[in-house]
Amino acid sequence: MAVPARTCGASRPGPARTALPWPGRGPRPGPGARRPPSGPPRPLLLLLPPLLLLPLFAAPGASAYSFPQQHTMQHWARRLEQEIDGVMRIFGGVQQLREIYKDNRNLFEVQENEPQKLVEKVAGDIESLLDRKVQALKRLADAAENFQKAHRWQDNIKEEDILYYDAKADAELDDPESEDVERGSKASTLRLDFVEDSNFKNKVNYSYTAVQIPTDIYKGSTVILNELNWTEALENVFIENRRQDPTLLWQVFGSATGVTRYYPATPWRAPKKIDLYDVRRRPWYIQGASSPKDMVIIVDVSGSVSGLTLKLMKTSVCEMLDTLSDDDYVNVASFNEKAQPVSCFTHLVQANVRNKKVFKEAVQGMVAKGTTGYKAGFEYAFDQLQNSNITRANCNKMIMMFTDGGEDRVQDVFEKYNWPNRTVRVFTFSVGQHNYDVTPLQWMACANKGYYFEIPSIGAIRINTQEYLDVLGRPMVLAGKEAKQVQWTNVYEDALGLGLVVTGTLPVFNLTQDGPGEKKNQLILGVMGIDVALNDIKRLTPNYTLGANGYVFAIDLNGYVLLHPNLKPQTTNFREPVTLDFLDAELEDENKEEIRRSMIDGNKGHKQIRTLVKSLDERYVDEVMRNYTWVPIRSTNYSLGLVLPPYSTFYLQANLSDQILQVKLPISKLKDFEFLLPSSFESEGHVFIAPREYCKDLNASDNNTEFLKNFIELMEKVTPDSKQCNNFLLHNLILDTGITQQLVERVWRDQDLNTYSLLAVFAATDGGITRVFPNKAADDWTENPEPFNASFYRRSLDNHGYVFKPPHQDALLRPLELENDTVGILVSTAVELSLGGRTLRPAVVGVKLDLEAWAEKFKVLASNRTHQDQPQKQCGPSSHCEMDCEVNNEDLLCVLIDDGGFLVLSNQNHQWDQVGRFFSEVDANLMLALYNNSFYTRKESYDYQAACAPQPPGNLGAAPRGVFVPTIADFLNLAWWTSAAAWSLFQQLLYGLIYHSWFQADPAEAEGNPEARESSCVMKQTQYYFGSVNASYNAIIDCGNCSRLFHAQRLTNTNLLFVVAEKPLCSQCEGGRLLQKETHCPADGPEQCELVQRPRYRRGPHICFDYNATEDTSDCGRGASFPPSLGVLVSLQLLLLLGLPPRPQPQVHAHASRRV
């Protein structure tokens, strides 16, 4: 039956046609036969009454022919099955390869993968790796606290007193407009020499640290210079850490002042545009600087908030959202007389990337009107935080209010909801330039353990929307050693080019006191971090012993994967973590939900499940058996899993010790090595070797011919027992070289491929060998030389019988070029061995069919001729004949379609160049009928790692985007001229000219990432696979006067569906079209508003520091604005109107509370 399609805002295909089973005896009903009435959109399968069968039906253009009877078409199907099986038995060599393995039984051993032992060993190795980083982190954090405690604050410190390597110095020197070049402050900057280091994928200097200071912070401020002074001592600790553990990567101290000091030194990755990097906004810093948060942001949208102030608020909210991580929960509401959520989220939701994007888009739609009602806003916020029926962080609770000012203190609301315990912190933000009394806003923050901030202009947004983290860090500092716990982050993109990493973090506390008996300092100094590259963790996992379809994965407490073969983000924005849920990395089902929950809870487990898996090329879906085994990784928040197919329980390990003892030097003298040499290819077939890391000194290359050459040259120098080589990989490669050569000798060499219209025969093995015979066929071989990364190889292991793989065609590309008989169809099957009761599949063999020749053969096999040389049967006017796929190809469509719905063969010559296309693109009407009659089932999923071309900007005006333009009323209003709004406007124009658009710039563009030419997006993927119908089946596609008969039958022991159908008489049946290609979802995948109503299971960090009885809340913010003079304002406004703004020098100083 038809199943409605879930689409991204699109409706399902047009109304399905009524399909009727056809018994297969007798001709099609005549025009006078009564048809069933039209049904609902879902098709009805109705038995055709025998009384309606007429003795004869004359097809148009073929008056003497009738549609083939069912038993005839079943006979054709058996002939096709026999032909395929016969060719594969002769040329595939499955049985012969089994014998070859048995004959060489002394050259290998059968080893067992024991899942529980394997996964526990890998978990232990990862734990040891991370523990070494933890020890280094603790040494750094302790040293930093002691260095800062011993440091004497200097009020008169100057830039020339501090000597350090400024990581951005080289980029700024190259920029003639750089502010620091103008001031000549480079005298304090070291000039270093660097060397390439493959571990860091960068040029580094191991003798120094580097310093990065955000663009919007003045390097010469007293706070920054004192910070640089005391953190210089960390350099020696960094160096000593590396001496003890040479595998350490970046060691970083992120200061709460914004200064980043990292080791080893390397130049900063210079962006194309303004550099917006600030360590305090990095995922690892946010996680280490505070406990999880439940945050409600309320925004004043009363009538007094308009123009520039409203824009400042919108930008401030977006910047605030960027300070939240996946451990936090948030909601955003606007208020005037009453409060309402800005988005479809009616409660706190996880602050993940997709939810934050929904908020950011919704915030842009806020409109100012009405009067200010603080009570409505705060009551809404407290109600949100008191809702215990939802998933949330259950740690720090806070309300962030953005307003332009007001007089109401809403004390009654605080008394009702928050006093006397004050469990919810209140942070207030006065936005824009105005003359309102800010005392009520200050009082709200101070009375509720929060902080008051002012955002008079654009330049103050970033600094003031992240300073609240200092307040949240107070309970952590006061908790002391109890809070000194290492946390490991989600996966994210390293800003210095290391790739995907996880980071261990440890907070650094201020241990100073103002004097004897004074209260303990409650400031967090910053966060220490040490990176671990995902590739280093992957190296600890077994890979080639698990087979092509076995793998290791790991997830965190959010269910996000940090290890998984499907973790392949196409584009990364280093401002955001890479968050791919385990249930999105695989095809979700109930069993996997249970496994995920158990892993998050830190349990051990094992489960065998039947599940769906996507093929490597994402065109097919297979139903397979998999064994899942999982254990927690101790001392971390991670859990490790192992997935094994049943046939990968055992694997082969070459045992070439006898040969090795006979050979002294070099390894190229080993038996069977000669069959890797290109000189043997003409007689033995071309050999592709998997580009694996056989030896440390082996030069990698994407060109397999070059890689093979490098491999052979190295083998001329390496001994068989060399310590620099992986003996398992090397010996298995040589073993499989000999095994596949014997297949050539015993089977392929004596056969004439042309007799059976074959372009090539081939064999691929777990050991990494792909042998293609004859040698000339290698010119057209496009499969991956790594069998484990070849779709045909992995699918053959998962499927019994013969797997057909037509050439991949995209509907947008031009059809296949059928010249020189070079287009082929792969047919492959796995070789299953049974050795001593142990079953395994170490190889895949197959043939490559000549498309045109087999298309002709297909027509003969599906005809009334018994062989190709027999003349075609002629049907006279007085005789009755059944149509067949050869004689009647103008009236009868005959096709072979694979299990993914892709065309493999057709009796229509004009369709040969469409082989490999989804059949709906060839015959939409027939494909829809096959789907509606359960021959195919649809599986839809979402790819959250896709990359899409950037969308062109909607506004192409010449003025800088985001710049506020005053109205005529503003110019006529003297109050506007005399207020601070003119100064704010001037500042905005300057920032707009520098930053291009503070309000609307794409983060990737602003960061200047040269690779960020595409943006991440969500793509909907649709795959089809065989449904529940296995038997032969006849049906009618009811289209009024354009009805079509068709027959469909699965071919035994293959992944093919044989379909015979009348060609359409007219186009009235063209209604619905099934889609298979990826489609972009503009709404970022499934409806987020619906998904948050059924959130996936997760657990937050097990530690929470949100309260300490000794906390001093007296430092809660104060005003810092200044009233510019009227003369200055008039001058600035004239410059603004003339369009001649002076050169800006934005300097946002570190917060005053930083001084110790």
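The structure we're discussing is the one just above.
Let me begin by describing the structure that accompanies this report. From a predicted model like this one, the values you see are computed outputs, not experimental measurements. (Residues numbered from 1 in each chain as written. Predicted model: local features only at pLDDT ≥ 70, side-chain atom pairs only at ≥ 80, totals over all residues. Heavy atoms only, no water.)

**Digging into the overall build of the chain**
Here is step 1: Assigned secondary structure in the chain consists of 32 helices and 40 strands.
Here is step 2: Taken across its 1156 residues, the chain has 60% of its residues classed as buried.
Here is step 3: Intrachain contacts of the chain at a sequence separation of at least 6 include 75% that bridge at least 24 residues.
Here is step 4: Of the roughly 48,000 Å² of accessible surface on the chain, a fraction of 49% belongs to carbon and sulfur atoms. (Helix = DSSP H or I, 4+ residues; strand = E, 2+ residues; numbered from the N terminus. Buried < 20%, exposed > 50% of the residue type's maximum accessible area, 1.4 Å probe, protein only. Contact = heavy atoms within 4.5 Å. Areas by Shrake-Rupley, 256 points an atom, 1.4 Å probe, with all protein chains shown as cover.)

**Things to note about the pattern of salt bridges**
Here is step 1: In this structure the tally under the stated criterion is 42 salt bridges.
Here is step 2: With a closest N to O distance of 3.4 Å, Glu120 and Lys604 form a salt bridge. Here Glu120, found in helix H3 (residues 115–150), pairs with Lys604, found in the loop between helix H19 (590–600) and strand S22 (605–614); they are 484 residues apart in sequence, far enough to count as distant.
Here is step 3: Overlapping salt bridges bring together Asp581, Asp584, Glu588, Arg596 and Arg1096 as one network. (Salt bridge = Lys/Arg side-chain N within 4 Å of Asp/Glu carboxyl O.)

**Observations concerning the nonpolar core**
Here is step 1: One finds Tyr694, Phe711, Leu930, Tyr936, Phe1046 and Phe1058 to be the most contacted residues of the largest nonpolar core, which totals 122 residues.
Here is step 2: The leading source of residues in this core is helix H23 (residues 727–748), at 11 residues.
Here is step 3: Ignoring sequence-local partners within four residues, the contact set of Phe1058 consists of Met73, Trp76, Ala77, Leu80, Phe858, Ala862, Val895, Leu896, His1047, Ala1048, Gln1049 and Leu1051.
Here is step 4: In this structure, Val119, Ile126, Leu557 and Val561 belong to the second largest nonpolar core, which totals 43 residues. (Core = buried A, V, L, I, M, F, W, Y, C linked by side-chain atoms within 4.5 Å.)

**Brief notes about unusual backbone geometry**
Here is step 1: Put simply, Trp419 and Pro420 share a cis peptide bond, and its omega is 5°.
Here is step 2: That bond from Phe773 to Pro774 is cis: its omega, 0°, falls within 30 degrees of zero.
Here is step 3: Note that Pro774 resides in the loop between strand S28 (769–773) and helix H24 (791–798).
Here is step 4: We note that Glu618 has phi near 60°; this positive angle belongs to a residue other than glycine.
Here is step 5: With respect to the helices, strands and loops of the structure, Glu618 is situated in the loop between S22 and strand S23 (621–632).
Here is step 6: For Asn1053, which is not glycine, the phi torsion reads 65° and is therefore positive.
Here is step 7: The residue Asn1053 is located in the loop between strand S38 (1044–1050) and strand S39 (1056–1062) in this model.
Here is step 8: The partly exposed category is assigned to Asn1053, whose relative accessible area is 39%.

**A word on the sheet that holds strand S26 (residues 686–689)**
Here is step 1: The strand order S26-S28-S27-S31-S30-S29 describes an open sheet built from six strands, whose pairing is antiparallel. Edge positions in the open sheet fall to S26 and strand S29 (803–805), since each of these has one partner strand only. Taking the axes of each pair of neighbouring strands and ignoring which way they run, one obtains an average angle of 20° across the sheet.
Here is step 2: Bridging between strand S30 (residues 824–835) and strand S31 (residues 838–850) involves 11 bridges; their strand directions are antiparallel. Bridged to Val831 within S31 is Ala843.
Here is step 3: Where helix H1 (residues 70–92) meets the sheet, it contacts strand S27 (758–765), S29, S30 and S31, and its direction lies at approximately 110° from that of S31. (Pairing = 2+ DSSP bridges. Axes fitted to C-alpha atoms, helices over the stretch in contact; angles between N-to-C directions.)

**Remarks on the sheet that holds strand S21 (residues 561–563)**
Here is step 1: A sheet is described by the order of its strands in space; here five strands give the open sequence S21-S20-S24-S23-S22, paired in antiparallel fashion. Strand pairing shows two members of the sheet lacking a second neighbour, S21 and S22, which therefore form its edges. Going from strand to strand, the sheet's axes swing by 35° on average, the running direction of each strand aside.
Here is step 2: With five bridges joining them, strand S20 (residues 551–555) and strand S24 (residues 639–644) adopt antiparallel strand pairing.

**Observations concerning the state of the cysteines**
Chemically, a disulfide is nothing more than a covalent bond linking the sulfur atoms of two cysteines.
Here is step 1: Within the structure shown, the criterion is met by five disulfides.
Here is step 2: Here Cys885 is linked by a disulfide to Cys894, with a sulfur-sulfur distance of 1.9 Å. Around the S-S axis, the bridge from Cys885 to Cys894 shows a dihedral of about -80° and counts as left-handed.
Here is step 3: Under the relative-accessibility criterion, Cys885 is labelled buried at 0%.
Here is step 4: Residue classification places Cys894 among the buried residues on the basis of a relative accessible area of 0%. (Disulfide = S-S within 2.5 Å.)

**A closer look at the packing of aromatic side chains**
Here is step 1: By the definition in use, this model includes 45 aromatic pairs.
Here is step 2: Relative to Tyr756, the ring of Phe91 has its centre 5.2 Å away and its plane inclined at 70°; by these criteria the two rings are edge-to-face. Taken together, the residues span a long stretch of sequence, with Phe91 in helix H1 and Tyr756 in the loop between H23 and S27 at a distance of 665 residues.
Here is step 3: With a relative accessible area of 0%, Phe91 lands in the buried category.
Here is step 4: For the ring pair Phe762 and Phe792, a centre distance of 5.4 Å and an interplane angle of 85° mean the geometry is edge-to-face. Residue Phe762 is located in strand S27, and its partner Phe792 is located in helix H24; the two are separated by 30 residues in the primary sequence. (Phe/Tyr/Trp six-rings, centres within 6.5 Å; stacked < 30°, edge-to-face > 60°.)

**Let's talk about the side chain of Thr1113**
Here is step 1: With respect to the element layout, Thr1113 can be found in the loop between helix H31 (1088–1091) and helix H32 (1126–1138).
Here is step 2: Not counting the four nearest positions on each side in its chain, Thr1113 is found in contact with Arg422, Lys449 and Arg474.

**Notes on the packing of helix H9 (residues 308–321) against helix H10 (residues 353–363)**
Here is step 1: Packing of H9 against H10 leaves a shortest axis separation of 10 Å and a crossing angle of 175°. The angle between H9 and H10 falls in the class roughly antiparallel. The residues of H10 that touch H9, namely those facing Lys314, Val317, Cys318 and Leu321, are Lys356, Phe359, Lys360 and Val363.
Here is step 2: Across the contact of H9 with H10, the residue classes tally to five nonpolar, no polar and three charged. (Parallel < 35°, antiparallel > 145°, perpendicular 65-115°, else oblique. Nonpolar A, V, L, I, M, F, W, Y, C, P; charged D, E, K, R; others polar.)

**Re H19**
Here is step 1: Considered for burial, the residues of H19 that qualify are Lys592, Ile595, Arg596, Ser598, Met599 and Ile600.
Here is step 2: Considering only its buried residues, H19 is in contact with S20, helix H18 (582–585), S22, S23 and S24.
Here is step 3: Sitting at the head of H19, Asp589 places a side-chain oxygen 3.1 Å from the backbone nitrogen of Asn591.
Here is step 4: Phi turns positive one or two residues past the end of H19, at Gly602, with a value near 80°. (Polar contact = N/O pair within 3.5 Å; in protein donor to acceptor, adjacent residues only side chain to side chain.)

**As for the pairing of S31**
Here is step 1: The buried fraction of S31 amounts to 11 of the 13 residues, a majority that puts the element mostly inside the structure.
Here is step 2: In this sheet, S31 lies alongside S27 in antiparallel orientation, the contact comprising seven bridges. Within S31, the position partnered with Ala760 by the bridge is Lys848.

**So, the side chain of Arg841**
Here is step 1: Residue placement: Arg841 occurs in strand S31.
Here is step 2: Looking at Arg841, the relative accessible area reads 13%, which means it is buried.
Here is step 3: A distance of 2.4 Å separates the side chain of Arg841 from the backbone oxygen of Leu797, its partner in a polar contact.
Here is step 4: Separated by 2.8 Å, the side chains of Arg841 and Glu832 make a polar contact.

**Topic: the packing of helix H2 (residues 94–103) against H23**
Here is step 1: For the pair H2 and H23, the least separation of the axes is 10 Å and the interaxial angle reads 130°. In terms of their interaxial angle, H2 and H23 are classed as oblique. Of the two elements, H2 crosses H23, and the hand of that crossing is right-handed. For the pair H2 and H23, contact is made by Gln96, Leu97, Glu99, Ile100, Tyr101 and Asp103 and by Asp736, Ile739, Gln742, Leu743, Arg746 and Val747, respectively. (Left-handed = near helix turned anticlockwise from the far one by under 90°.)

**What to know about the environment of Tyr380**
Here is step 1: Here Tyr380 is to be found in helix H11 (residues 374–386).
Here is step 2: Here Tyr380 falls in the buried class, since its relative accessible area comes to 15%.
Here is step 3: In this structure, the C-alpha to C-alpha distance between Tyr380 and Pro341, residues 39 residues apart in sequence, is 9.2 Å.
Here is step 4: Among all residues touching Tyr380, those that are not within four sequence positions of it are Asn331, Ala333, Ala339, Pro341 and Thr346.

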